[in-house]
Amino acid sequence: MAAIFDVSVVLFLHPEDASKRNIFLRPFSLQLWLAVVGLCVATGLLIHKMHDRPPGNRNRHNRSNEKYNISGLSLYVVEIFSQQGFTAPANSYGIRIMLQTIFVFAALLHQFYIAHMVGYLLVVPSKTVTTFRDLVKNEFTIVAENDDENLKYYYETDNEDLVRLKIASGDAYCNLIEGISLIARNRTAFLCDAHRAYSWINRLFTDADRCRLQEIALVPQRSIYLALAKDSPFKEAFRITLLKITEHGLLQYQRKLWFAKKPECPENGVKMPEVNLDQASGAFWLLLFAGLAGTVFLLLEIVIKRSGHGGV
């Protein structure tokens with residue numbers, strides 16, 4: 001019969017997101033975004049050249065028409081890459097072939113973008129901080145529970161990464177409740193007895209905090225066994241006694257009494273789609289800047305028109 005040997009652990013809240021990129025920029029890498037921007041510029045220039053010099057009228061050069069084409073060029077490019085069609089005349093076969101190719105490219109790019117966004121919102125991100133070295137890289141501090149067993153390991157450990165954490169934290173230690181409150185703060189790890197900590201975490205932590213809770217075992221869990229001689233008469237007696245204990249509920253009662261239930265994340269690998277305001281703030285900032293820029297240009301146009309220096 002095997003049992004699980006209890007060990008102390010280091011508990012901490014996993015960083016919510018190690019990436020500092022905006023949610024709308026996350027689906028593509030920087031190189032791909034640069035390639036898309038370059039393609040937009042090339043598409044706009046090609047459309048401008050084809051429309052500005054139609055066949056049979058190559059020697060004419062209408063300055064006002066050129067200005068109009070340049071000002072509307074960005075709208076044409078946005079129409080193409082947002083799959084909203086193309087409102088400008090497409091009389092040239094070259095423009096038609098180019099537009100068909102770019103429409104297919106934009107559709108494929110759009111599918112990759114949407115698939116990544118849906119996956120990001122539905123799937124719980126994987127845990128990337130799993131070792132003491134990861135704690136050091138993410139600038140965590142560590143605090144030990146003022147228990148003899150935990151303090152002995154804390155001060156006598158030869159783990160280089162744990163030693164670095166100790167030096168950065170100043171050899172700090174505290175009681176269990178204070179340590180649990182420190183875990184709730186970002187970038188703080190707590191070395192403690194697992195089951196004593198679980199009981200308080202289940203009471204104090206929210207569902208979101210329990211989903212972020214991560215632990216590092218100081219000693220890997222292993223099974224322990226009761227060794228008996230071969231064909232020993234005590235083997236059957238022990239098995240029957242253990243079954244009776246389990247049947248009467250004594251084993252379950254002792255587990256509840258001495259072992260706290262490990263905090264569980266209710267999401268279980270899949271979460272409901274939810275976009276927070278801080279995640280979508282980029283869209284609001286873009287709308288705000290566009291509104292301010294549009295207002296400034298509108299006021300300039302009104303001033304120029306009233307001053308008589310030109311038309312809109």
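On a predicted model such as this, the values are computed, not experimentally measured, just so you know. (Residues numbered from 1 in each chain as written. Predicted model: local features only at pLDDT ≥ 70, side-chain atom pairs only at ≥ 80, totals over all residues. Heavy atoms only, no water.)

Here we look at the overall build of the protein
From N to C terminus, the protein includes 12 helices and 7 strands. Split into buried and exposed, the 312 residues of the protein put 28% on the buried side. Within the protein, residue pairs in contact and separated by at least 24 positions form 75% of the contacts whose partners lie at least 6 positions apart. As presented, the protein carries roughly 21900 Å² of accessible surface, and 61% of it is formed by carbon and sulfur atoms. (Helix = DSSP H or I, 4+ residues; strand = E, 2+ residues; numbered from the N terminus. Buried < 20%, exposed > 50% of the residue type's maximum accessible area, 1.4 Å probe, protein only. Contact = heavy atoms within 4.5 Å. Areas by Shrake-Rupley, 256 points an atom, 1.4 Å probe, with all protein chains shown as cover.)

Quick word on the environment of Val143
Take Val143: it is sitting in strand β3 (residues 141-145). Assessed through its relative accessible area of 9%, Val143 is described here as buried. For the pair Val143 and Asn175, spaced 32 residues apart in sequence, the C-alpha to C-alpha distance is 9.7 Å. Look past the residues within four positions of Val143 in its chain and what remains in contact with it is Ala172, Tyr173, Cys174, Leu182, Thr188, Ala189, Phe190 and Leu191.

Quick word on the pattern of salt bridges
For the coordinates displayed, the defined rule picks out 7 salt bridges. One salt bridge connects Arg196 with Asp147, and the closest N-O pair in it is separated by 3.7 Å. Of the two residues, Arg196 is situated in helix α8 (residues 194-204) and Asp147 in the loop between β3 and α5 (148-156); the sequence distance between them amounts to 49 residues. Judged by its relative accessible area of 34%, Arg196 falls in the partly exposed class. Here Asp207 ties to Arg210 by a salt bridge, and the two come within 2.4 Å at their closest N and O atoms. (Salt bridge = Lys/Arg side-chain N within 4 Å of Asp/Glu carboxyl O.)

Looking at helix α6 (residues 160-169)
Residue pairs three or four apart in sequence face the same way in an α-helix, which turns once every 3.6 residues. If you check which residues of α6 are buried, you get Asp161, Leu162, Leu165, Lys166 and Ser169. Down the axis of α6, the buried side of the element spans an arc of 145°, and every buried residue falls inside it. Away from its buried face, by an angle of more than 90 degrees, α6 presents the exposed residues Glu160, Ile167 and Ala168. At its buried positions, α6 is contacted by α4 (132-137), β3, α5 and β4 (172-174). (Arc of directions from axis to C-beta.)

Some points on the nonpolar core
Membership of the largest hydrophobic core comes to 17 residues, with the highest contact counts inside it found for Leu11, Ile180, Ile183 and Phe190. Taken together, the elements giving at least two residues each to this core come down to β2 (8-13), α7 (176-183), β5 (188-193) and α8. Excluding anything up to four places from it in sequence, Phe190 contacts Val9, Val10, Leu11, Val143, Ala144, Glu145, Cys174, Asn175, Leu176, Gly179, Ile180 and Ile183. Within the second largest apolar cluster, 16 residues are counted, among which are Tyr154, Leu162, Leu191 and Ile216. (Core = buried A, V, L, I, M, F, W, Y, C linked by side-chain atoms within 4.5 Å.)

Here's the deal with the confidence of the model for the protein
Averaged over every residue, the pLDDT of the protein is 77; the share at 70 or more is 82%. At the low end of the mean pLDDT range in the protein sits strand β1 (residues 2-4), at 38; at the high end sits β5, at 89. In this model, residues 1-5 is a region of pLDDT below 50 whose contacts with residues beyond four sequence positions or in other chains number 17 contacts. The model gives residues 54-68 a pLDDT under 50, and that stretch makes 6 contacts with residues more than four places away or in other chains. (pLDDT = per-residue confidence, 0-100.)

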